[in-house]
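Examining the three-dimensional arrangement
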Amino acid sequence: QKEVEQDPGPLSVPEGAIVSLNCTYSNSAFQYFMWYRQYSRKGPELLMYTYSSGNKEDGRFTAQVDKSSKYISLFIRDSQPSDSATYLCAPRGTTSGTYKYIFGTGTRLKVLA
Amino acid sequence: DVKVTQSSRYLVKRTGEKVFLECVQDMDHENMFWYRQDPGLGLRLIYFSYDVKMKEKGDIPEGYSVSREKKERFSLILESASTNQTSMYLCAASKLGGELFFGEGSRLTVL
């Protein structure tokens with residue numbers, strides 16, 4: 001079983017739609033949960049992160065973590081064509097005192113104008 | 001913001017050639033990382049370094065080596081390139097436990 005599972009997509013939605021992107025993970029020791037956004041032919045950039053369970057909102061973006069079911073979600077409200085990118089979930093844990101970032105394969109999102 | 005610069009965006013090399021991928025960061029971050037990114041496999045950690053001259057193997061170090069002689073520079077070396085090393089290579093830097101800042105990537109094709 002992979003440590004992080006993420007549907008690769010592509011997910012195509014019309015402009016203005018609410019988008020839900022999801023990951024599951026297997027390691028209950030993960031405490032920080034990050035979402036990275038990667039535009040085509042660019043490196044990933046941090047979009048937002050949450051610590052432990054709960055919600056975090058930043059503008060049109062909401063990150064949600066349910067540690068009991070090991071489920072991570074990213075919601076995008078009023079999606080825009082500029083949101084078209086690959087979204088990678090990345091839980092963070094520690095291995096022998098060293099921080100380790102585990103990346104999902106990414107979900108490719110297309111927002112159609 | 002931290003800037004991470006990868007000197008080569010696109011490279012084409014032949015099987016057996018020695019390949020150097022260079023990465024420089026400008027914010028004095030302790031940690032630097034090399035990942036490769038392949039469709040369906042996501043980002044996989046090759047090597048990381050938490051200090052000058054220090055290095056640790058990641059999940060897929062075979063066929064690669066690294067060098068960190070200065071804090072701002074982390075190089076990935078393919079001693080003898082093979083076709084299965086055709087990939088996107090991403091360098092990243094971070095403070096201890098902090099977010100990863102990525103470069104724009106180096107797309108390597110080995111013929």
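Just above, that's the structure.
What this report covers is the structure whose coordinates are included nearby. The model shown is predicted, which means the values in this text are computed figures rather than measured ones.

What follows deals with the nonpolar core. Residue and element names in this part refer to chain A. Formed by 24 residues in total, the largest nonpolar core has its most connected members in W35, L74 and Y87. Looking at this core, the elements with two or more residues in it are β3 (19-25), β4 (32-38), β5 (45-51), β7 (61-66), β8 (71-76), β9 (85-95) and β11 (107-112). The element contributing the most residues to this core is β3, with four residues.

As enumerated under the stated definition, the model contains 13 aromatic pairs over all chains in all. Seen from their ring centres, Y32 of chain A and Y49 of chain A are 6.2 Å apart, and the 45 degrees between their planes marks the pair as tilted. With Y32 of chain A in strand β4 and Y49 of chain A in strand β5, the pair connects residues that are 17 residues apart, well separated along the chain. A relative accessible area of 36% means that Y49 of chain A is categorised as partly exposed. Taken together, a centroid distance of 6.0 Å and an interplanar angle of 90 degrees make the contact between Y101 of chain A and F33 of chain B edge-to-face. Taken as a pair, Y101 of chain A in strand β10 (residues 98-101) and F33 of chain B in strand β5 (residues 31-38) lie in two separate chains rather than in one. A residue is classified by how much of its surface remains accessible, and Y101 of chain A, at 6% relative accessible area, is buried. Assessed through its relative accessible area of 4%, F33 of chain B is described here as buried. An aromatic cluster is present here, built from Y36, Y101 and F103 of chain A together with F33, Y35, F48 and F102 of chain B joined pairwise through their rings. The side chain of K56 of chain A reaches across the aromatic face of Y49 of chain A, ending 4.1 Å from its centre.

If you look at the interface, chain B gives 21 residues, while chain A gives 17 residues. Buried area between chain B and chain A, both sides added, is near 1,500 Å², and the carbon and sulfur share of it is 57%. Here chain B is connected to chain A by one salt bridge. The partner of E104 of chain B in a salt bridge is K42 of chain A, with the nearest N and O atoms 3.2 Å apart. Put simply, chain B and chain A have five residue pairs in polar contact (both at pLDDT 80 or more) between them. Looking at the side of chain B that touches chain A, its residues break down into ten nonpolar, seven polar and four charged.

This paragraph deals with empty space enclosed by the protein. Taken as a whole and assessed by the stated rule, the structure comprises one cavity of 30 Å³ or more. Considered as a void within the structure, the largest cavity measures approximately 40 Å³ in volume. In the lining of the largest cavity, the residues fall into two nonpolar, two polar and three charged.

With that out of the way, let us pick up the pairing of β5 of chain B. All names here are of chain B. In terms of burial, β5 is largely enclosed, as eight of its eight residues are buried. The side-chain alternation of β5 yields two buried faces, one formed by N31, F33, Y35 and Q37 and the other by M32, W34, R36 and D38. The pairing of β5 with strand β10 (residues 87-94) spans seven bridges and is classified as antiparallel. Among the inter-strand pairings, M32 is bridged to a residue of β10, identified as A93.

Moving on, we come to unusual backbone geometry. Along the chain, G9 of chain A connects to P10 of chain A via a cis peptide bond; the corresponding omega equals 10 degrees. With respect to the secondary-structure elements, P10 of chain A resides in the loop between β1 (4-6) and β2 (11-14). For R41 of chain A, which is not glycine, the phi dihedral falls at a positive 65 degrees. Along the chain, the position of R41 of chain A falls in the loop between β4 and β5. Overall, R41 of chain A belongs to the exposed group, its relative accessible area being 56%. The backbone phi angle of K53 of chain B is positive, close to 65 degrees, even though this residue is not glycine. Within the element layout of this structure, K53 of chain B appears in the loop between β6 (42-49) and β7 (56-57).

Procedures and definitions
- Residues numbered from 1 in each chain as written.
- Chains lettered and ligands numbered in written order.
- Predicted model: local features only at pLDDT ≥ 70, side-chain atom pairs only at ≥ 80, totals over all residues.
- Heavy atoms only, no water.
- Core = buried A, V, L, I, M, F, W, Y, C linked by side-chain atoms within 4.5 Å.
- Buried < 20%, exposed > 50% of the residue type's maximum accessible area, 1.4 Å probe, protein only.
- Helix = DSSP H or I, 4+ residues; strand = E, 2+ residues; numbered from the N terminus.
- Phe/Tyr/Trp six-rings, centres within 6.5 Å; stacked < 30°, edge-to-face > 60°.
- Lys NZ or Arg CZ within 6 Å of the ring centre and 35° of its normal.
- Contact = heavy atoms within 4.5 Å.
- Buried area = accessible area lost by both parts, 1.4 Å probe.
- Salt bridge = Lys/Arg side-chain N within 4 Å of Asp/Glu carboxyl O.
- Polar contact = N/O pair within 3.5 Å; in protein donor to acceptor, adjacent residues only side chain to side chain.
- Nonpolar A, V, L, I, M, F, W, Y, C, P; charged D, E, K, R; others polar.
- 1 Å grid on protein atoms, 1.4 Å probe; cavity = no way out; pocket = protein on both sides within 12 Å on 5 of 7 lines; lining within 4 Å.
- Points joined across faces, edges and corners; volume = space filled by probe spheres on them.
- Pairing = 2+ DSSP bridges.

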